[in-house]
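# Coordinate inspection notes
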Amino acid sequence: MREVLTERNVTVGQLLGACMLFVLLCATGGALLAATAIPVAAAAGATTNALTGLFEDLPTDIDFTQPSQQSTLLSADGAVITRFYAEDRIVVTSEQISTFIKNAAVAVEDQRFYQHNGVDAQGIIGAIVNNITGGNLAGGSTITQQYVKNALLEEGRIAGDQEKIDAATKTTLARKLNEARYAVALENKATKDQILTSYLNMAQFGPSQWGVESASLYFFGKHAKDVTLAQGATLAALTQAPNYWNPEKNPQGAQERRDMVLSKMLEQGYINQAQHDEAVKTPMKDELKITPSKNGCAAAGIYAHYCATTVNELLQSDLLGKTSAERANRLYRGGLSISGTVKTKDQKAAYDALTGRIAVNDASGAQASLVSVEPGTGKITAMTQNTNYGEPTKDDPSRTTINLNVGQDQGGGVGFQSGSTFKVFTLVTWLAKNHSSYERVNTRPHLFAASTWTNSCFPDQVSDYNPQNAEGGSIGYATVRTVTAQSVNVGYTEMANQLDLCDIWKTANAMGVRRGVLTTEKDLSDKDSLASKAKAQAGQPLPLVSVPAMVLGTNSVTPLSTAQAYATLAADGKRCEPITFTDVKDASGKIIGTNKTTCTQAINSDVARQATSVLQGVAAAGLSDRPSAGKTGTTDDSKNVWFAGYTPQRATAVWVGHKDGDRTLNYTSFNGVYYGEVFGSSIPAPIYRTYMTNALSGEPALQFNQPTKADTPPEPPKIDVPNVVGMKYTEAVQRLRAAGFSVTAKGTLEGNQDQTVLKQSVTGKAEEGTTVDLLVSMPPETSTTKTPEKKSTTGTSQKSTGGNN
């Protein structure tokens, strides 16, 4: 095996060749002399004193643009989510490239690589003679010249400069000579190993693979440093015609080409006969392990929609450049490493929980999404949905590029009606205004007249409102805690009616919930519009509508902003803007920018803790191994159902509905399981519990912080008890119940309600809901006709009946 030469001494043969070339060029005319003298000098070497002056105009600025490299999006724990590239290239160091590859490349491409100074005089003479005699301009390029050509071409590609691309690919003598000038200059600056490494990183090795590392990973599923001799020879054989010699498409031709390279390596002393024979008997098909590289969000699997939102955020960030074109160019060519926030464990848990309840393209036609945020940091730890990424097809009708978790400004949709998940903003406002969660409110359906509402921000946005109860039913007068646990609509409307709707609207905005639809210039053109009055900006989410019905969730909001708002409660009132990535590193590993979230104290910490205490009472939020709080949400006719909940470590929003329009979910089978009426507690809540249990497994079961000021039950207010003595029994019952009291009776006769009330147990003032016992008399005509035995029997019966009223 021969020793590789690294010296650059000029031999007699080289000097004679250089002189012959110089004479030939002089014979062609003086115009070519200046352009061609440098390759002559390069071939002759620095020892040819007569030609020393011709090196004075060698290029000095030879720091070529770094080659395009693939950028990588990583999960929070370092797993590759996907890659982005215009050219599939991973630049590696010399130590990361096998000697087999290096020696094979020299053997087949430039056997005098270690002897020449950038230009091979023998090759140049052949190429020029061929050109002068009318043949094609071919051959003569050293590895150094090939690298120069590829570098100039890549410079044009990166800049999007077609003139540079054309100049680097024209088959002219002038181009060859220009490459030679750069090659000589480069050899004066870089070592042979540096040049060879740059060449192997730059050259095309496959139909879509640039650089030896990407090619090795694609064809063999291993790094360039780990290839066998046969694999190294296969890679070196590709650069002459990457598409033609592609071993995946032309294994027989590629094997013949590989064996030719192995023969050259044997002839030139890089390998011995035994190595040669072992390598050539290896069938090409046995060497291949095709491993396609991911490219773009479409290849990101269950991370695809998260990926698209991350790219959207990156392309709007100044971290990658001042213009969108600069940012895209850097993303697809800059070799960046993007540290994402999503956790592998969380993402899998989220996707499994969703599709375990509603599969992709489920027969129900329903969609579901889940997004989870880390309280106090804004980091999105999971973001997924039960649809594939891309345009819909006949076989995959639910496929979409729209991220159901975010709004239009982040590549998503307009959002979905939030239902009772919006009640938390009334709860927070109620507590912030020094009300107690133990106060009792009326849950019986009744009309709330327009005149009873306060809406200081938008006074014209009030009207009569007559809400009905859905999930919770009517439970009379009940505490706010009970009304929350049972999600009683009228109870929450009663709370809001005692507050200023503007304050509830401000609370919702402060905690981060927002609509998905964007504000347009048309929205702002009307000075009386909500957008104008709220001082919205075009391109930003349209403001929440502040009307009585908003209390029960009529605004269409995004799941991500809902998770953010609930994360605000989990973080003791600190609101943090959600982020999809934390930092970006360049190809050298240097951090070029960080993506820090913006956090503000949105609500009082004690208020947040009190609200959490109330929301822990929602049964659907319960986790078996740790504290959890949350709220269900169901819109009219169950067109959208939600669950939003949190622990100290995660805040999560789950939505189920139809992405293409409001249709009821009632009386439908999901994953083959039939449901009658569907509520937030039916499907979203179990998804939440499954996800949170799996995502948080192995993490400590942290407790919620307790408020410093206890939310103690207030002294119940007392109201006047109507005096019903002397009234007929039926009239007395109606009067007492209308005033808010319960009623029992003694002494009544079965089937006869005309008795007179003789006495009532409670008079003056009493707490609302107090039971008033009535003693009633028997009508005179009844007392004279009934026997004592009968009177005693019916008296017992009447007592029982009265107790049921």
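Residues numbered from 1 in each chain as written. Predicted model: local features only at pLDDT ≥ 70, side-chain atom pairs only at ≥ 80, totals over all residues. Heavy atoms only, no water.

The number of helices and strands found in the protein is 28 helices and 25 strands. Each of the 805 residues in the protein was classed as buried or not, and the buried ones make up 52%. Total accessible area on the protein stands at roughly 34,300 Å², and carbon and sulfur atoms take up 50% of it. (Helix = DSSP H or I, 4+ residues; strand = E, 2+ residues; numbered from the N terminus. Buried < 20%, exposed > 50% of the residue type's maximum accessible area, 1.4 Å probe, protein only. Areas by Shrake-Rupley, 256 points an atom, 1.4 Å probe, with all protein chains shown as cover.)

Okay, unusual backbone geometry next. Here Ser487, not a glycine, exhibits a phi torsion of approximately 50°, which is positive. Of note, Ser487 is situated in the loop between helix H18 (480-485) and helix H19 (489-497). When its relative accessible area of 3% is taken as the criterion, Ser487 is described as buried. Of note in the backbone geometry, Asp637 takes a positive phi value of approximately 60° without being a glycine. Looking at where Asp637 falls in the secondary structure, it is placed in the loop between strand S16 (629-634) and strand S17 (641-646). For Asp637, a relative accessible area of 46% corresponds to the partly exposed category.

Spatially, five strands are ordered S2-S1-S3-S13-S14 in an open sheet, and the strand pairing comes out mixed. The open sheet has two edge strands, strand S2 (80-84) and strand S14 (591-594), and neither has a second partner. Across the sheet, the axes of successive neighbouring strands diverge by a mean angle of 20°, strand direction being ignored. (Pairing = 2+ DSSP bridges. Axes fitted to C-alpha atoms, helices over the stretch in contact; angles between N-to-C directions.)

Turning our attention to the pairing of strand S18 (residues 651-657). Within a regular beta strand, the side chains point alternately toward one face of the sheet and then the other, so they alternate between its two faces. Across the seven residues of S18, seven count as buried, placing the element largely inside the fold. Burial along S18 is two-sided: the face carrying Ala651, Ala653, Trp655 and Gly657 and the face carrying Thr652, Val654 and Val656 are both buried. By the bridge criterion, seven bridges tie strand S4 (residues 367-373) to S18 in an arrangement that is antiparallel. Residue pairing for S18: Gln367 is matched across the bridge by Gly657. Bridge analysis of S17 against S18 gives six bridges, and the strand direction is antiparallel. The partner of Phe643 across the bridge, within S18, is Val654.

Here the focus is the packing of helix H17 (residues 423-432) against H19. Where H17 contacts H19, the axes come no closer than 10 Å and their chain directions differ by 45°. Taken together, H17 and H19 sit at an angle that is classed as oblique. The two elements H17 and H19 cross, and the hand of that crossing is left-handed. Facing H17, whose interface residues are Lys423, Thr426, Leu427 and Trp430, H19 presents Asn489, Tyr492, Met495 and Ala496. Partitioned by chemical class, the residues of the contact of H17 with H19 number five nonpolar, two polar and one charged. (Parallel < 35°, antiparallel > 145°, perpendicular 65-115°, else oblique. Left-handed = near helix turned anticlockwise from the far one by under 90°. Contact = heavy atoms within 4.5 Å. Nonpolar A, V, L, I, M, F, W, Y, C, P; charged D, E, K, R; others polar.)

Below, the discussion takes up the environment of Ser525. The residue Ser525 is located in helix H21 (residues 521-525) in this model. Ser525 gets classed as exposed once you look at its relative accessible area, which sits at 58%. At 2.6 Å, the side chain of Ser525 forms a polar contact with the backbone oxygen of Lys522. (Polar contact = N/O pair within 3.5 Å; in protein donor to acceptor, adjacent residues only side chain to side chain.)

Let's shift gears to the packing of H17 against helix H24 (residues 605-615). The contact between H17 and H24 brings their axes to 9 Å, and the two run at 125°. Relative to H24, H17 is oriented oblique. The interaxial crossing formed by H17 with H24 has right-handed handedness. The segment H17 lies against H24, with Val424, Leu427, Val428, Leu431 and Ala432 engaging Val607, Gln610, Ala611, Val614 and Leu615. Here the contact of H17 with H24 is composed, by residue class, of nine nonpolar, one polar and no charged.

If you trace the three strands from one edge of the open sheet to the other, you get S22-S25-S23, paired in mixed fashion. The open sheet has two edge strands with one neighbour each: strand S22 (742-746) and strand S23 (757-760). For this sheet, the mean angle separating the axes of adjacent strands, direction not counted, is 30°. Here S22 runs beside strand S25 (residues 771-776); their pairing, made up of five bridges, is parallel. Counterpart to Ser742 in the pairing with S25 is Thr771. Packed on one face of the sheet, helix H26 (residues 729-738) meets S22, S23 and S25 and runs near 170° to S25.

A word on the pattern of salt bridges. Throughout the structure, instances matching the rule amount to 29 salt bridges. Linking Glu87 and Arg89 is a salt bridge whose minimum nitrogen-to-oxygen distance equals 2.8 Å. For Glu87, a relative accessible area of 2% gives the class buried. Using a relative accessible area of 0% as the deciding quantity, one classes Arg89 as buried. Between Asp503 and Lys433 there is a salt bridge, with its nearest N and O atoms 3.5 Å apart. (Salt bridge = Lys/Arg side-chain N within 4 Å of Asp/Glu carboxyl O.)

Attention shifts here to the packing of aromatic side chains. Tallied over the entire structure, the rule returns 13 aromatic pairs. Between Phe448 and Trp453, the ring centres sit 5.9 Å apart and the planes meet at 45°, which makes this aromatic pair tilted. Here the aromatic rings of Tyr646 and Phe704 are separated by 5.6 Å at their centres, their planes lie at 75°, and the arrangement is edge-to-face. Separated by 58 residues along the polypeptide, Tyr646 in strand S17 and Phe704 in the loop between helix H25 (684-695) and strand S21 (718-720) bring together distant segments of the chain. Summarising the burial analysis for this pair, Tyr646 and Phe704 share the class buried. Among the aromatic residues, those joined into a ring-pair cluster are Tyr218, Phe219 and Phe220. (Phe/Tyr/Trp six-rings, centres within 6.5 Å; stacked < 30°, edge-to-face > 60°.)

Let us look at the nonpolar core. Judged by nonpolar contacts, the single largest core of 81 residues is most densely connected at Phe425, Leu569 and Tyr646. At seven residues, the largest contribution of residues to this core is made by helix H23 (residues 559-570). Excluding residues within four positions of it along the chain, Tyr646 makes contact with Tyr566, Leu569, Ala570, Thr612, Leu615, Pro627, Ser628, Ala629, Ala651, Tyr688, Met692 and Phe704. If you look at the next biggest cluster of nonpolar residues, it comprises 51 residues, including Ala105, Met202, Val212 and Phe219. (Core = buried A, V, L, I, M, F, W, Y, C linked by side-chain atoms within 4.5 Å.)

This paragraph deals with helix H15 (residues 324-333). Restricting attention to buried positions, one finds in H15 the residues Arg327, Leu331 and Arg333. If you follow the buried residues of H15, they end up packed against strand S1 (71-74), S2, helix H5 (143-159), helix H14 (304-315) and strand S3 (337-340).

Attention shifts here to the side chain of Ser437. When you line up the elements, Ser437 lands in the loop between H17 and strand S9 (440-442). Those residues in contact with Ser437 that lie beyond four places of it in its chain are Trp430, Leu431, Thr479, Val480, Arg481, Val614 and Asp711.

Counted under the stated rule, the structure contains three disulfides. In this model Cys297 forms its disulfide with Cys307; the gap between the sulfur atoms is 2.1 Å. Between Cys297 and Cys307, the disulfide has an S-S torsion of -75° and is therefore left-handed. Highlighted residues: Cys297 in the loop between helix H13 (284-287) and H14 and Cys307 in helix H14, separated in sequence by 10 residues. The pair Cys297 / Cys307 is uniform in exposure class, with both members buried. Cysteine pairing for the protein, with bonded cysteines counted in sequence order: 1-2, 3-4, 5-6. (Disulfide = S-S within 2.5 Å.)

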